[in-house]
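# Structure assessment
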Amino acid sequence: MKLVHISDLHIGKRLNNYSLTEDQKFILDRILEIVSEEKADGVIIAGDIYDRSIPPEEAVTLFDDFLVELSSQCRSVFIISGNHDSSERLAFGSRLINKCGIYISPVFNGKISPVTLTDEYGDVDFYLLPFIKPAHVRPWYPDAEIKDYTDALRTVIENLPLKENSRNVMVAHQFVTGASQGGSEESFVGGLENVDSSVFAPFDYTALGHIHKTQTINGNIRYCGSPLKYSFSEIKHKKSVTVVELKEKGSLDIREIPLTPMREMAELKGTFKEVIDMSASIPPETYLRITLTDPDDIPDAMAKLRVIYPNLMKLDYASRKSSPLSPA
């Protein structure tokens, strides 16, 4: 069974007051092409569908169009809510659209029933777990000792109706201990939200969202990363789609297909004159952060530079943390 794993779409996101809707439509169209080219049996979307719990109208429309196209390809789609999503809003109508092969995690109610697909090797059971906190789990398991996120996830997983002979896939949106951050995802002091990777041991593949940097933990626990760069801290990230192939139980193949954005993101540093001279090597549509090294402020620097670099998002001075001319 071949699966395409994506997450952290953050549809509707604005970066330094720039709408990324056009960029997101471009990358979602490319993902649709990959799903078709790969002849994938299913698509996993591991949370943070939207950038906020009440997304703007254009974001809902864009995701709706994406799902319609996936459905037209007769793909099964597995969706969970992330910490940026409203699980209630995302799950609206899910019992109806389940009949179309699009499965959305409901609001957590203590029970998770698998969605089962079958291929020549047998059943593959998908468990869709929305982003949860210990407080979400304790009311449903009052006798369990749940002190932290690891306890919460372990309690939920221990109560799943796992079948030993099936290939079991977990879809979740959590921080796993040992994963490397470094993107625009939310960080929590002291690793309070960390989950020990051992809780996912019963699964043949764990499809994770939450961290924007692509990485694999323990061979079969995978963050696919975000499909676009959502902060200048992600400039060095190589964005991709993860393709997973499950054959007989115990046989797993994971590979990446690179994603090329509509607009790249870059940082430039130098004097005002040097930065202007760099324009010949920078595509004009590039999203930019510029750091000027001039000893004194350049009057109207932002406006002047935007004549050459229309997508200049942020202007800093090396002599201080940030220019007051920089947008919020």
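Up top is the structure.
Model, not experiment: these values are computed from the prediction.

What counts, and at which threshold
- Residues numbered from 1 in each chain as written.
- Predicted model: local features only at pLDDT ≥ 70, side-chain atom pairs only at ≥ 80, totals over all residues.
- Heavy atoms only, no water.
- Buried < 20%, exposed > 50% of the residue type's maximum accessible area, 1.4 Å probe, protein only.
- Helix = DSSP H or I, 4+ residues; strand = E, 2+ residues; numbered from the N terminus.
- Arc of directions from axis to C-beta.
- Contact = heavy atoms within 4.5 Å.
- Pairing = 2+ DSSP bridges.
- Axes fitted to C-alpha atoms, helices over the stretch in contact; angles between N-to-C directions.
- Phe/Tyr/Trp six-rings, centres within 6.5 Å; stacked < 30°, edge-to-face > 60°.
- Right-handed = clockwise from strand over helix to strand, strands pointing away.
- Expected span 1.5 Å × (residues − 1).

## Re helix α8 (residues 301-308)
Listed in full, the buried residues belonging to α8 are A301, M302 and L305. The arc that holds every buried residue of α8, seen down its axis, measures 90 degrees, which confines them to one face. Every exposed residue of α8 that faces more than 90 degrees away from the buried side is listed here: A303 and V307. Looking at the buried side of α8, the elements it contacts are α7 (272-277), β18 (287-292) and β19 (312-317).

## Comments concerning the sheet that holds strand β12 (residues 205-209)
Taken together, the 6 strands give an open sheet; going across it, the order is β7-β8-β9-β12-β14-β13, and neighbouring strands pair in mixed fashion. Every other strand in the sheet has two partners, leaving β7 (115-119) and β13 (215-217) as the edge strands with one partner each. Strand-to-strand twist across the sheet, computed as the mean angle between neighbouring axes with direction ignored, equals 20 degrees. Where strand β8 (residues 122-128) lies against strand β9 (residues 167-173), 5 bridges are found, and the strand directions are parallel. When the bridges of β9 are listed, D125 appears paired with N168.

## Let's talk about the packing of aromatic side chains
By the definition in use, this model includes 6 aromatic pairs. Connected via pairs of aromatic rings, a cluster forms that spans Y50, F63 and F66.

## Looking at the pairing of strand β17 (residues 265-270)
In the sheet, β17 pairs with β18 via 6 bridges, with the strands oriented parallel. Of the residues in β18, the one forming a bridge with G270 is L292. Following the backbone out of β17, through α7 and into the adjacent parallel β18, one traces a crossover that is right-handed.

## Some points on helix α2 (residues 57-72)
Compared with the 22 Å implied by 1.5 Å per residue over 16 residues, the 23 Å span of α2 between its first and last C-alpha is a close match. Among all positions of α2, only A59, L62, F63, F66, L67 and L70 are buried. The buried residues of α2 occupy an angular sector of 130 degrees when projected down its axis, which confines them to one face. Facing away from the buried surface of α2 by more than 90 degrees, the exposed residues are E57 and S72. For α2, the elements touching its buried residues are β1 (2-6), α1 (21-38), β4 (42-46), β5 (76-80) and β6 (102-104). Where α2 ends, the next residue or the one after it, C74, has phi of about 60 degrees, a positive value.

## Side note on unusual backbone geometry
With phi around 50 degrees, D8 is a residue other than glycine that occupies positive phi space. Along the chain, the position of D8 falls in the loop between β1 and β2 (14-15). The class for D8 is buried, based on a relative accessible area of 0%. Of note in this structure, N17 is not a glycine but carries a positive phi near 75 degrees. Take N17: its relative accessible area is 53%, and that puts it in the exposed class.

## Looking at the sheet that holds β19
Read from one edge to the other, the open sheet built from 3 strands follows the order β17-β18-β19, with strand pairing classed as parallel. Each edge of the open sheet is held by one strand with a lone partner, namely β17 and β19. Ignoring which end each strand starts from, the neighbouring axes of this sheet average 15 degrees apart. Note that β18 and β19 share 5 bridges and pair parallel. Residue pairing in the sheet places I290 in a bridge with L315 of β19. The strands touched by α8 within the sheet are β18 and β19, with β19 carrying the most contacts at an inclination of about 135 degrees.

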